[in-house]
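# Examining the three-dimensional arrangement
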2 protein chains.
Amino acid sequence: MFVLGIDPGLSRCGYCVLEAVATTQRPRVRALGVLRTPPDALVWDRLAMIQGDIQALMGEFQVGDVALERVVFGANARTASGVIQAAGVIMAEAVRSGAVVAEYGPNQVKEAVTGWGAAPKAQVASMVATLLGLAAVPDPPDAADAAAVALCHLAMTPLRAATTSASGVAR
Amino acid sequence: MFVLGIDPGLSRCGYCVLEAVATTQRPRVRALGVLRTPPDALVWDRLAMIQGDIQALMGEFQVGDVALERVVFGANARTASGVIQAAGVIMAEAVRSGAVVAEYGPNQVKEAVTGWGAAPKAQVASMVATLLGLAAVPDPPDAADAAAVALCHLAMTPLRAATTSASGVAR
């Protein structure tokens, strides 16, 4: 079972592909990084770049589940707009590819990874590294956040993860 | 030259395909209506439906330009989020199809159609009917708004419209 975790963004969009092998084993990191789009490009061109990158990632790993961190409206509506659009594009692309989509709130992600819904970012990143057996904390933070969302999704869907890994079917 | 005007929305998304024949002639209405998605469906499924509908519309009419009305953040952030996501999905799909994308503010659209940036909705709809030679005011209002955006785009790009119609090349 391959899960694509996404920390949505227009300038930097964190992504992490985890392979859930079995409930008793640590998930394997198959891809981890950040999609970037040029800040001086037109918004729609940037959205199309993200769409293409997500399509490529999903095709490469036969991603069955896509988990996104919910975008919370902050002070800057203009920035939020691009992030929300990026999330929308990724969701639609995921459905088109036949994936299951899920969305989790920031506190839900933090709680799933650290046990504390108000955990600071550094603690989340550190726990991500521990849970995934990484030699270092993922950098930039967007990548760590994406990994945290993917881990949250696996924690929320243990039964299905166990079933699909037991039957050996890559969803 | 075919222009697809869009009044973005998740529950109701207005669309209007106009064919610009020549600068001296009234544009022809080739399609006018509203895309609807079921309110009880998951957001990502609704976005994927819109993506599919837009893809179909663009393919049917060889749309060269897609013009959207800019989404303005209102009081209800939750509603705005879905509308912004829908706009993002449509933009990315337009770029993927090789179309030129443009976005216009609500006041810009009103001014282009009625000559007054603060014109009431009914006046915009009435002018749309007049400019397009329609027997009645488009209904629902989302369809009229989409037609207004398409008209605004044609008003903003007269030179290119004239060139493409003169050479007979459908972009």
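The structure under discussion appears in the preceding block.
Presented here is an overview of the structure given in this document. Quick caveat, the model's predicted, so the values are computed rather than measured.

Definitions and limits used
- Residues numbered from 1 in each chain as written.
- Chains lettered and ligands numbered in written order.
- Predicted model: local features only at pLDDT ≥ 70, side-chain atom pairs only at ≥ 80, totals over all residues.
- Heavy atoms only, no water.
- Least-squares fit on C-alpha atoms with pLDDT ≥ 70 in both.
- Contact = heavy atoms within 4.5 Å.
- Buried area = accessible area lost by both parts, 1.4 Å probe.
- Salt bridge = Lys/Arg side-chain N within 4 Å of Asp/Glu carboxyl O.
- Polar contact = N/O pair within 3.5 Å; in protein donor to acceptor, adjacent residues only side chain to side chain.
- Helix = DSSP H or I, 4+ residues; strand = E, 2+ residues; numbered from the N terminus.
- Phe/Tyr/Trp six-rings, centres within 6.5 Å; stacked < 30°, edge-to-face > 60°.
- Expected span 1.5 Å × (residues − 1).
- Buried < 20%, exposed > 50% of the residue type's maximum accessible area, 1.4 Å probe, protein only.
- Pairing = 2+ DSSP bridges.
- Axes fitted to C-alpha atoms, helices over the stretch in contact; angles between N-to-C directions.

## Some details on the relation of the copies chain B and chain A
Rotating chain B by 180° and translating it 0.0 Å along the rotation axis places it on chain A, where the RMSD comes to 0.0 Å. The superposition of one copy onto the other is thereby described by a two-fold rotation axis. A symmetric contact is evident, with 100% of the interface residues of chain B recurring at the interface of chain A.

## A closer look at the interface of chain B and chain A
Contact residues are listed per partner, giving 23 residues for chain B and 23 residues for chain A. A buried area of about 2000 Å², summed over both sides, lies between chain B and chain A, and 69% of it is on carbon and sulfur atoms. The largest per-residue losses of area from chain B upon contact with chain A belong to B:W44, B:F73 and B:R96, which jointly make up 31% of the total buried on that side. Run the count over chain B and chain A and you get two salt bridges. One salt bridge connects B:E93 with A:R96, and the closest N-O pair in it is separated by 2.9 Å. Our count for the contact surface shared by chain B and chain A stands at two residue pairs in polar contact (both at pLDDT 80 or more). Of all elements in the fold, only helix 1 (43-61), helix 2 (77-96) and strand 5 (100-104) of chain B reach the threshold of two or more residues within the side of chain B that touches chain A. Top element by residues in the side of chain B that touches chain A is helix 2 of chain B. It accounts for 12 residues.

## Let's talk about the packing of aromatic side chains
Residues and elements named next belong to chain B. Evaluated as defined, the whole model comprises two aromatic pairs over all chains. On the basis of an interplanar angle of 35° and a centroid distance of 6.4 Å, the ring pair of F2 and F61 is categorised as tilted. Of this pair, F2 sits in strand 1 (residues 2-7) while F61 sits in helix 1, and the two are 59 residues apart along the sequence.

## A closer look at helix 1 of chain B
All names here are of chain B. In this model helix 1 runs 27 Å from its N-terminal to its C-terminal C-alpha over 19 residues, within 8% of the 27 Å that 1.5 Å per residue would give. The complete set of buried residues in helix 1 reads W44, R46, L47, A48, I50, Q51, I54, L57, M58 and F61. Q62, located one to two residues past helix 1, shows a positive phi value of around 45°.

## Examining the sheet that holds strand 2 (residues 12-19) of chain A
All names here are of chain A. The strand order across the open sheet formed by five strands is 3-2-1-4-5, and the pairing between neighbours is mixed. The sheet terminates laterally at strand 3 (28-36) and strand 5 (100-104), the two strands that pair on one side only. For this sheet, the mean angle separating the axes of adjacent strands, direction not counted, is 20°. Pairing of strand 1 (residues 2-7) with strand 2, which is carried by six bridges, proceeds in the antiparallel orientation. Residue F2 lies in a different strand from strand 2, and its bridge partner there is E19.

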